Amino acid sequence: MEELIGMKVQGITPEYVREMRKFDPKVGVDDLIGMKVQGITPDYIREMRTIYPNLNVDDLIGMKVQGVTPEYIREFKDLGLQPSADDLIGLKVQGVTPNYVKEMRAIGLKPNTDELIGMKVQGVTPEYVKEMQAAGFKDLDCDQLIGARVQGITPEFIEKAKKHGFQNLTLDKLMALKNADIL
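Everything numeric in this text was worked out from a predicted model, so none of it was measured.

Q: Please explain the overall build of the protein chain as it appears in this structure.
A: Within the protein chain one finds 13 helices and zero strands. Start at the N end of the protein chain and walk to the C end: the helices and strands fall as α-α-α-α-α-α-α-α-α-α-α-α-α. A compact globule built from 183 residues would reach a C-alpha radius of gyration of about 16 Å, whereas the protein chain, at 23 Å, exceeds it by more than 25%. C-alpha extents for the protein chain along the principal axes are approximately 75 × 35 × 20 Å. Out of the 183 residues belonging to the protein chain, those deemed buried represent 42%. Put simply, 45% of the contacts in the protein chain that link residues at least 6 apart link residues at least 24 apart. If you sum the accessible surface of the protein chain, you get close to 10,400 Å²; carbon and sulfur atoms cover 49% of it. Of the side-chain charges in the protein chain, 24 are positive and 28 negative, and the distance between the mean point of each set is 4 Å.

Q: So what exactly am I meant to see when it comes to the pattern of salt bridges here?
A: Oppositely charged side chains may form a pair once their charged atoms are brought near each other. On inspection of all chains with the given rule, the structure shows two salt bridges. Close ionic contact of E19 with K22 constitutes a salt bridge, the shortest N to O distance being 3.0 Å. Residue E19 and its partner K22 are both found in helix 2 (residues 14–23); the two are separated by three residues, about one turn of the helix.

Q: Can you walk me through the environment of K160 in this structure?
A: Following the sequence through the fold, K160 ends up in helix 12 (residues 155–163). Judged by relative accessible area, which is 38%, K160 ranks as partly exposed. Residues K160 and L183 lie 23 residues apart in sequence; the distance between their C-alpha atoms is 7.5 Å.

Q: Hey, could you run me through the packing of aromatic side chains in this one?
A: A ring pair, where both rings are aromatic, is described by two values, the distance of the centres and the angle of the planes. Counting across every chain of the model gives one aromatic pair. Both rings, one in Y72 and one in F76, keep their centres 4.9 Å apart while their planes meet at 75°; by these two values the pair is edge-to-face. Separated by four residues within a single helix, Y72 and F76 lie in helix 6 (residues 70–78), roughly one turn from each other. The buried category is assigned to Y72, whose relative accessible area is 7%.

What counts and what doesn't
Sequence order as written defines the numbering, with residues in each chain counted from 1. Thresholds applied to this predicted model are a pLDDT of at least 70 for local features of residues and 80 or more for the giving and counting of side-chain atom pairs; totals over whole chains, interfaces and linings are not thresholded and use all residues. Here the side-chain values reflect all heavy atoms present in the structure, with hydrogen atoms and water set aside. Each helix is a run of H or I in the DSSP string that is no shorter than four residues. Each strand is a run of E no shorter than two, and both are numbered from the N terminus. The atom set for the radius of gyration is the C-alpha atoms, and the globule formula is 2.2 Å times the number of residues raised to the power 0.38. Each residue's exposure class comes from its accessible area (1.4 Å probe, protein chains only) as a fraction of the maximum for that residue type: buried when under 20%, exposed when over 50%, partly exposed otherwise. Whether two residues are in contact is decided by their heavy atoms: any pair within 4.5 Å suffices. Shrake-Rupley sampling with a 1.4 Å probe provides the accessible areas, and residues are treated as covered by the protein chains on show and by no other component. Note that His is not counted, nor are the chain ends; the positive residues are Lys and Arg, and the negative ones are Asp and Glu. Where a charge lies is defined by one atom per residue type: Lys uses NZ, Arg uses CZ, Asp uses CG and Glu uses CD. Salt bridges, as used here, are contacts in which a Lys or Arg side-chain nitrogen is within 4 Å of a carboxyl oxygen on Asp or Glu. Aromatic rings from Phe, Tyr and Trp, with only the six-membered ring used for Trp, were paired whenever their centres fell within 6.5 Å, and each pair was classed as stacked if the ring planes differed by under 30 degrees, edge-to-face if by over 60, and tilted otherwise.

Right, here's the structure in full:
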C-alpha cells in the first residue's frame, strides 16, 4: 500500500511503468520512484543507451542526478576518451569539462579520466602546470603534478629553494625539502 501511495505522490502512471519496464523488465517500485523524482524519461534513457547500451537503473539515476547529458558524454568521446558511467559521474561531480581536457592537452599532458578527476580534485590548473613548466619542470606527468600539488610544491617554493642554494632540484628533492620544513 505504501508503495502505491509513493507512486501516486510522484505521479507515476501505469504508462510510465510500462515505458520504464521496456528498458528493464525487473525495475522495482523504489527504482521507478527514484527515476521519476530525478526526471528520467524514456527519451533520456533512449539517448543515453545509444551511447552506453548497458546502462542500469543506478547508472541512469546517478548520471541524471549529476546532470550528465548525452552532449556532455559526446564531447568527451569526441576527444577520444571512453569514460565509464562511474567516470562520467566523477568527472561531472568534480567539474571537469571538455575544455579543461583541451587546455591540459594543449600544454602537453595526455590525462586519462582518473587523472583528470585527480587533477581537478587537487586543484591542478592549466596555469599551475604552465608555472611548473616555466620553473624548469617541463616533463612532469599527471601523477607527478598531482603529487606536487598535494605536497604544496609551487613555483614560489622552487624559487625559494634555489635562493637558499639548492641546485639540481628534482621533484623528489623538492618534496623532501618541503617535508623537512627547513625553508
